[in-house]
Amino acid sequence: MSLRSIQKRIQSYGNINKITSSLKLVSAAKLAKTERLLKDVRPFGHGTLSFYKHYTHINMLDHIENHLIFAITSDRGLCGGLHTDVVKKVKQELDRPDQKLAKVVCVGQKSEELLARTHKSNILFTAFKIGKDNPTFLEASKIFNECNYAEFIACQIYYNHIITKGTSEVDWIPIYNTDFFLTVAHIAGLEEVEEENMRSYIEFSTVSLLFFAMLENTLCEHSARMIAMDAASKNVKSLNEKLSLEYNRKRQFKITSDLIDIVSGSQVVTEK
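Reading the values: rules and limits
- Residues numbered from 1 in each chain as written.
- Predicted model: local features only at pLDDT ≥ 70, side-chain atom pairs only at ≥ 80, totals over all residues.
- Heavy atoms only, no water.
- Helix = DSSP H or I, 4+ residues; strand = E, 2+ residues; numbered from the N terminus.
- Salt bridge = Lys/Arg side-chain N within 4 Å of Asp/Glu carboxyl O.
- Buried < 20%, exposed > 50% of the residue type's maximum accessible area, 1.4 Å probe, protein only.
- pLDDT = per-residue confidence, 0-100.
- Pairing = 2+ DSSP bridges.
- Right-handed = clockwise from strand over helix to strand, strands pointing away.
- Axes fitted to C-alpha atoms, helices over the stretch in contact; angles between N-to-C directions.
- Contact = heavy atoms within 4.5 Å.
- Phe/Tyr/Trp six-rings, centres within 6.5 Å; stacked < 30°, edge-to-face > 60°.
- Core = buried A, V, L, I, M, F, W, Y, C linked by side-chain atoms within 4.5 Å.
- Polar contact = N/O pair within 3.5 Å; in protein donor to acceptor, adjacent residues only side chain to side chain.

Chemist: Looking at this model, I keep getting lost on the environment of F180. Mind explaining?
Modeler: Looking at where F180 falls in the secondary structure, it is placed in helix α5 (residues 178-184). With 26 residues separating them in the primary sequence, F180 and A154 have C-alpha atoms 8.7 Å apart.

In C-alpha cells form, the structure reads like this:
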C-alpha cells in the first residue's frame with residue numbers, strides 16, 4: 001500500500017470517527033429525554049399490568065389460537081441486535097402449531113424486513129416512521145385502531161425491556177379483547193362498577209400498554225445505539241493508530257532510502 005493510499009485511509013477513518021462520536025452524543029441526549037418521559041409513563045404501564053394480574057387467575061393465552069402479535073421495533077438500525085432479538089421471539093411464537101394463522105403488526109420497518117423473509121403471510125400491516133422521535137399515545141392509539149382489535153381475542157406485545165444502561169432483554173405483555181376480558185376474567189363480578197366505565201378503562205389501559213412498550217423499546221434503542229457508536233469509535237481509533245504507525249514507518253523508510261541514495265551519489269561525484 002502506497003503512502004498516499006494510507007494517508008487517504010487515515011483521513012477516512014478520521015471522518016468516520018467524527019460521525020460515530022456525533023451519533024453517540026445525539027443518542028445520549030435522546031436517551032436522557034426518553035428517560036424523563038418514561039418516568040411519567042411507567043405508572044400507567046405498571047398499573048395496568050397489576051390490574052391484569054389481579055383480575056386474571058389463569059394464563060388465557062394458552063387456550064386461544066391465532067393471536068395478534070405486536071413486534072415493537074423502529075425504522076432505524078445501528079443499535080446492535082436489538083430488533084433481531086424481538087423478531088426471534090415473534091418467530092418462535094408463529095412457529096407454534098396453534099399460531100399458524102396468527103397476525104403480526106410490525107411497529108417499525110425493521111421488524112417487517114426481518115419477518116418478510118419467512119413469515120410474510122402473517123404480517124397484517126406495518127407502522128412506519130417509528131424511531132425518529134419518541135412515540136406518543138396518539139400513535140399507539142392509531143396503531144391499535146388500524147388493526148381491528150375487536151377481531152382478535154388475545155394479543156401479545158413483544159418489546160425490549162431495559163435492565164440497566166447497556167443491557168436489555170425481550171419481554172412480552174398479554175392483552176385481551178375487551179368483551180372476552182369482561183366475560184372470562186374476575187372483573188365480571190365487580191357489580192359496583194358500571195360495565196361501560198369498565199369497558200372504557202380497559203380500552204384506555206390496552207392502548208397505554210402499547211404506548212408503554214413502544215417507549216420502553218425506544219429507550220433500549222437509544223442506549224444500544226449509544227454503546228454501539230462508542231464501540232465503533234474505539235475500533236476506528238484503534239485502526240487509525242495502526243495505520244498511522246504503518247504510515248510513519250513507510251515514510252521513515254522512504255526518507256532513509258532517499259538519504260542513502262543522495263549520500264551515495266555525492267560520494268561517487270566526489271571520487272570522480
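Chemist: Explain the pattern of salt bridges here, please?
Modeler: It is possible for side chains of opposite charge to pair when their charged atoms get near one another. Per the counting criterion, the structure on display carries eight salt bridges. Measuring nitrogen to oxygen at the nearest pair gives 2.9 Å for the salt bridge that ties R96 to D98. Taking relative accessible area as the criterion, R96 reaches 27% and is therefore assigned partly exposed. With a shortest N-O distance of 2.6 Å, E221 and R225 are connected by a salt bridge. Placement of the pair is E221 and R225 together in helix α6 (residues 195-271), with a separation of four residues, close to one helical turn. Across the pair, R225 and E221 agree in class, each one buried.

Chemist: Explain the confidence of the model for the chain here, please?
Modeler: Residues shown with low pLDDT carry predicted positions that ought not to be read at fine detail. Averaged over all residues, the pLDDT of the chain is 82; the fraction at 70 or higher stands at 89%. Model confidence for the chain, summarised as mean pLDDT per element, is weakest for α5 at 73 and strongest for strand β1 (residues 68-72) at 91.

Chemist: Is there a simple way to explain the pairing of strand β2 (residues 103-107) in this structure?
Modeler: Consecutive side chains of a regular strand alternate in pointing toward one face of the sheet and then the other. Of all five residues in β2, four are buried, a share of seventy percent or more. Where β1 meets β2, five bridges bridge the pair, whose relative direction is parallel. Paired with I72 across the bridge in β2 is V107. A crossover links β1 with its parallel partner β2, the connecting element being helix α2 (residues 82-94), and its sense is right-handed. Between β2 and its parallel partner strand β3 (residues 123-127), the chain crosses via helix α3 (residues 109-115), and the hand of that crossover is right-handed.

Chemist: Help me understand the sheet that holds β3 in this model?
Modeler: Taken in spatial order, the five strands make up an open sheet running β3-β2-β1-β4-β5, and their pairing is mixed. Only two strands of the sheet have a single partner each, and these edge strands are β3 and β5 (167-176). Within this sheet the neighbouring strands show an average axis-to-axis angle of 20°, counted without direction. Bridging between β2 and β3 involves four bridges; their strand directions are parallel. If you follow V104 over to β3, its bridge partner there is I123. Seen against the sheet, α2 touches β1, β2, β4 (154-164) and β5 and runs at an angle of roughly 145° to β4. Along the sheet face, helix α4 (residues 137-146) touches β1, β2, β3 and β5 and points at about 155° away from the line of β3.

Chemist: Honestly, the packing of aromatic side chains in this entry has me stumped. Any pointers?
Modeler: Geometrically, a pair of aromatic rings is defined through the distance of the ring centres and the angle of the planes. Applying the stated criterion across every chain yields a total of six aromatic pairs. A ring pair is formed by F44 and F204, whose centres lie 6.4 Å apart and whose planes are at 75°; its orientation type is edge-to-face. Of this pair, F44 sits in helix α1 (residues 3-55) while F204 sits in helix α6, and the two are 160 residues apart along the sequence. Residue F44 is classed as partly exposed on the basis of its relative accessible area, which comes to 46%. One aromatic cluster is present, built from ring pairs that chain together F44, F137, F204 and F211.

Chemist: Would you mind showing me how to read the nonpolar core here?
Modeler: F70, I143, I157 and L210 are the most contacted members of the largest nonpolar core, which has 45 residues in total. Among residues more than four places away in sequence, those in contact with L210 are F70, I72, A140, I143, F144 and I157. Counting 13 residues, the second-largest nonpolar core is a separate cluster that includes V86, V90, L94 and Y158.

Chemist: Explanation requested: the side chain of S74 in the structure shown.
Modeler: Tracing the backbone through its elements, the reader meets S74 in the loop between β1 and α2. With relative accessibility at 0%, the residue S74 sits in the buried group. A polar atom in the side chain of S74 sits 2.9 Å from the side chain of E221.

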